[in-house]
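# Close look at the chain arrangement
So you can see what is in the structure, the chains are spelled out below.
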Amino acid sequence: METVLSLLSGFFLLLGSFLCLSGGVGILRFPDFYTRMHAAGVTDTLAAAMILIGLMLQSPEMLVIIKLMMILLMTLFISPAASHALGQAAVLNNLLPLVDLNMNHLAKNTTAGDESSKS
Amino acid sequence: MFAVVMLAGIYGLVSASFFVAMDAVDVAFTEASVGAGISTLLMLTTVAMTGRTEHMASHKPLLALFVVTVTGGLLIYGTFDMPYFGSADAPIHNHVAPRYIYDSMKEIGVPNMVTSVLASYRGFDTFGEVTVIFTAGIGVLALLSVVQRPKSEAVIEAINDSMHEKHLILRVVIKTMIPFILLYAFYVQFHGDYGPGGGFQAGVIFAAGIIMYALLFGLSAARQVIKQPVVQLLSAVGVLIYGSVGLVSMLNGGTFLDYSVLSADPIAGQHLGILLIEFGVGLTVASVMIIIFFSCSARSEYQQAKKGESL
Amino acid sequence: MTTILGLYNYWIVIVLMMIGFYIIIAHGHLIKKIVGLNIFQTSVFIFYISVGKVEGATAPIWQEGIILYSNPLPHVLILTAIVVGIATTALGLALIIRIKEAYGSVDEDDIQAMDNQDMVNQDKEQQQC
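Residues numbered from 1 in each chain as written. Chains lettered and ligands numbered in written order. Predicted model: local features only at pLDDT ≥ 70, side-chain atom pairs only at ≥ 80, totals over all residues.

Our next topic: the overall build of chain A. Along its length, chain A carries four helices and zero strands. Traced from its N-terminal end to its C-terminal end, chain A shows the element sequence α-α-α-α. Burial analysis of chain A (119 residues in total) assigns 8% to the buried set. In chain A, the share of contacts with a sequence separation of at least 24, taken over all contacts with a separation of at least 6, comes to 66%. (Helix = DSSP H or I, 4+ residues; strand = E, 2+ residues; numbered from the N terminus. Buried ≥ 20, exposed ≤ 12 C-beta atoms within 10 Å, placed from the backbone. Contact = placed C-beta atoms within 7 Å.)

What follows is the structure, given as structure tokens:
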């Protein structure tokens, strides 16, 4: 039982750290404000939740688990609201998302796929 | 300028994590709430009023660079006599600190040693600190206060309705969250004896909850909830509570701020004294932070109104 | 570490302190000066807290069975210092808002030029009388 709990908690902690890292890389590498905001939102909400669950599986007494559960609940409420606030501020200030309006190359791809599946 | 303020906020948060790594949990709590929260908020308000661009200096600051390098070199030379990081026999650990660490449980009975030193052994310093915060609040009021006619109910309702659709999600979520934030402020205030916490952190968190309400529902709606004369009075009452505890101790036969004489059992007296002064500290800090934010906002509205008139 | 490398915490503090010092004296924008002051203050806090840390000790909250605690005295001093720092910052920012209203700019060189211009105008008026 102990080892199963330790393994699970280690898994969640590692997953949370990986999500933090990928969120950081995303903020640097994504091309547009909205995609970068998505990366930041992932770090804020999902990575924090994973790390908190990992810590909950490791803690020795019930009071600590309850406190961590409260923090998790608050995080799940507040972080998406923060990401929403960011997005709304951008939209209200007329920052348009980067959208590729040239659809021709998509049509070319599908016809090429049909040809390759036929041949 | 916006990037500068954001980076300063991130720096505050990272230094809070330094403090946790060095076992200073109370300090980390205060630095996170103050340095990454209130300080960033006030700087953003100022940048909003003074403009986001700066024009570049016309000359290269070579003299400044030279002075800085020389000072830095001299300081590094001066550190060669200092004790190594983490050594247990440094002079700092040998004089007063062992008494604070090992006797504070017997003499005061409070597990958090930082609270016992802050509130009881060094209570006079904390009194000076509360007075400094109060003075800063008075200073900001003197600089930035604007004579306001309170808006009528109808105008506030109209502002509320116009903002409601745009900010619906944020309003609903924050309305649910604010009671928990205020409850957390009270928890930190009264739990400062048993874990990290105390009056300052609690006051800042309480003020942050009220400021969030003011940001989303408008300054006039927030002023209806937190009336200006009341919050000005409360900031003075906090300092008054602190001083009165000291005076009552003198009237009971002890010295100024000696809590052992406040009740029959010295340890119960210490607990009572610490509770009262932490409450006074929290009251003053919360009121002063609210005063500062409301004054900055009111000034910003006043500036915009004047610009609207002159155009 | 008990060699010269055991002093690395002081060197980090000195680097941060000098960065803050340079920002205060070299940049003209008043809000940047306040940010530099903040960095300077934080470096002093890190100095005090790092001096108080004992290796292998825990946070200064009394618990059963733990003997070695970090020194609580620097924590108390720095708690006071952080709050005084925020009071100073708030007052400085209020002053900047008023300066912007009075002078129209928050750059040190512009304000100095306007003050010099005022003094020159005052001298001219006095000479005329």
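Before going further, it helps to examine the overall build of chain B. Helix and strand counts for chain B come out as twelve helices and zero strands. Moving toward the C terminus, one meets the helices and strands of chain B in the order α-α-α-α-α-α-α-α-α-α-α-α. Considering only C-alpha atoms, chain B reaches an extent of 65 × 60 × 35 Å along its principal axes. Across the 311 residues that make up chain B, the buried fraction comes to 38%. Within chain B, contacts between residues at least 6 apart in sequence are counted, and of these 71% link residues at least 24 apart.

Residue and element names in this part refer to chain A. Scored by pLDDT, chain A comes out at a mean of 83, with 83% of its residues at no less than 70. When the elements of chain A are averaged for pLDDT, helix H4 (residues 104-118) gives the smallest value, 51, and helix H1 (residues 2-29) the largest, 92. Throughout residues 111-119 the model reports pLDDT below 50, and contacts reaching past four residues in sequence, or to other chains, amount to zero contacts. (pLDDT = per-residue confidence, 0-100.)

Here we take up the interface of chain B and chain C. Counting residues at the interface gives 69 residues for chain B, matched by 63 residues for chain C. Looking at the side of chain B that touches chain C, the elements with two or more residues in it are helix H1 (2-21), helix H2 (25-50), helix H3 (62-78), helix H4 (97-107), helix H5 (113-121), helix H6 (123-144) and helix H12 (266-310) of chain B. Of all the elements, H2(B) adds the most residues to the side of chain B that touches chain C, at 14 residues. Classifying every residue of the side of chain B that touches chain C gives 46 nonpolar, 15 polar and eight charged. (Nonpolar A, V, L, I, M, F, W, Y, C, P; charged D, E, K, R; others polar.)

A few words on the arrangement of the chains. The highest contact count of any of the two pairs of chains in contact belongs to chains B and C. Nothing in chain A touches chain C; the tightest C-alpha to C-alpha distance between them is still 15 Å.

Residues and elements named next belong to chain A. For H1, with 28 residues, the first-to-last C-alpha span of 40 Å sits near the 40 Å given by 1.5 Å per residue. Buried within H1 are the following residues: Phe 12, Gly 16, Leu 19 and Gly 23. Looking at the packing, one finds that the buried side of H1 touches helix H2 (33-58). (Expected span 1.5 Å × (residues − 1).)

Glancing now at the packing of helix H1 (residues 8-26) of chain C against helix H2 (residues 30-52) of chain C. All names here are of chain C. In contact at an axis separation of 7 Å, H1 and H2 are set at 165° when each is read in the N-to-C sense. When the axis of H1 is compared with that of H2, the two are roughly antiparallel. The handedness of the crossing between H1 and H2 comes out as left-handed. Between H1 and H2, the residues in contact are Asn 9, Val 13, Leu 16, Met 17, Ile 19, Gly 20, Phe 21, Ile 23 and Ile 24 and Lys 32, Lys 33, Val 35, Gly 36, Leu 37, Ile 39, Phe 40, Ser 43, Ile 46, Phe 47 and Ser 50, respectively. Of the residues contributing to the contact of H1 with H2, the split by class is 13 nonpolar, five polar and two charged. (Axes fitted to C-alpha atoms, helices over the stretch in contact; angles between N-to-C directions. Parallel < 35°, antiparallel > 145°, perpendicular 65-115°, else oblique. Left-handed = near helix turned anticlockwise from the far one by under 90°.)

All right, on to the packing of H5(B) against helix H3 (residues 72-103) of chain C then. Across the interface, H5(B) lies against H3(C) with an axial gap of 9 Å and an inter-helix angle of 60°. As the angle between them shows, H5(B) and H3(C) are arranged oblique. Between H5(B) and H3(C) lies a crossing of right-handed hand. Contact residues: B:Met113, B:Val114, B:Val117 and B:Leu118 in H5(B); C:Pro72, C:Leu73, C:His75, C:Val76 and C:Leu79 in H3(C). Class assignment for the residues of the contact of H5(B) with H3(C) results in eight nonpolar, one polar and no charged.

So, on to the nonpolar core. Within the largest apolar cluster, 103 residues are counted, with the highest numbers of intra-cluster contacts made by B:Val204, B:Ala207, B:Met289, B:Ile292 and C:Ala90. When residues in this core are grouped by element, the largest group, 14 residues, is from H12(B). Those residues in contact with B:Val204 that sit more than four places away from it in its chain are B:Ser33, B:Val34, B:Gly37, B:Ile38, B:Val285 and B:Met289. Membership of the second largest hydrophobic core comes to six residues, among which are A:Phe12, A:Leu19, A:Ala47 and A:Met50. (Core = buried A, V, L, I, M, F, W, Y, C linked by C-beta atoms within 7 Å.)

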